[in-house]
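# Secondary and tertiary structure notes
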Amino acid sequence: MAVKSFDVPDTKRCPDKAEFDLCTVDDYSVARLILGPGWRWSESTRPYEHTDVCQHHHLGFCVSGVLEVETDEGLHSTIHANDTYAIPPGHDEWVVGPDPFVAVEFLGAASFGRRGGRGLHARI
């Protein structure tokens, strides 16, 4: 059994307009994402990832806020509080409105927001 709190994460990353708190329990990584108003992957995170679009596969639950997502094939979706979501690699995403987007992610968490992560799901 393992219990950890986002109040004391194993790793904290704070790229532009964002905070990623990572807890690792056994072999699983879980992240809390806090994306501030005005955050957009292509503007705020692309310099860290070194890819044209986000290459992470996200699986998560939205606690609060609104996030728009558009795939490189042109599919569009909006994520709201209490939504669960799965986002495939190859997308851009951005916060809508004045409130931060807060979510807990179960896939893609370990490398999100890591410099040069390139969508790799390594445990770091």
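Preceding this paragraph is the structure being described.
No experiment lies behind these values; they were computed from the predicted model shown. (Residues numbered from 1 in each chain as written. Predicted model: local features only at pLDDT ≥ 70, side-chain atom pairs only at ≥ 80, totals over all residues. Heavy atoms only, no water.)

As a further point, take the overall build of the protein chain. Per the secondary structure count, the protein chain includes 1 helix and 9 strands. Reading the helices (α) and strands (β) of the protein chain from amino to carboxyl end gives β-β-β-α-β-β-β-β-β-β. Put simply, the protein chain has 124 residues, and 45% of those count as buried. Considering only intrachain contacts with a sequence separation of at least 6, the fraction spanning at least 24 residues in the protein chain is 58%. (Helix = DSSP H or I, 4+ residues; strand = E, 2+ residues; numbered from the N terminus. Buried < 20%, exposed > 50% of the residue type's maximum accessible area, 1.4 Å probe, protein only. Contact = heavy atoms within 4.5 Å.)

The next point concerns the sheet that holds strand S8 (residues 91-95). Taken together, the 3 strands give an open sheet; going across it, the order is S6-S5-S8, and neighbouring strands pair in antiparallel fashion. Whereas interior strands pair on both sides, the edge strands pair on one side only; in this sheet they are strand S6 (76-79) and S8. Direction aside, the axes of adjacent strands within the sheet are offset by 20° on average. Where strand S5 (residues 67-71) lies against S8, 5 bridges are found, and the strand directions are antiparallel. By the bridge assignment for S8, Thr71 is matched with His91. (Pairing = 2+ DSSP bridges. Axes fitted to C-alpha atoms, helices over the stretch in contact; angles between N-to-C directions.)

Looking now at the side chain of Asp92. Relative to the helices and strands, Asp92 is located in strand S8. Residue classification places Asp92 among the buried positions, given a relative accessible area of 14%. Side-chain polar atoms of Asp92 contact the side chain of Arg40, separated by 2.9 Å. (Polar contact = N/O pair within 3.5 Å; in protein donor to acceptor, adjacent residues only side chain to side chain.)

All we've got here are geometric facts, nothing functional implied.
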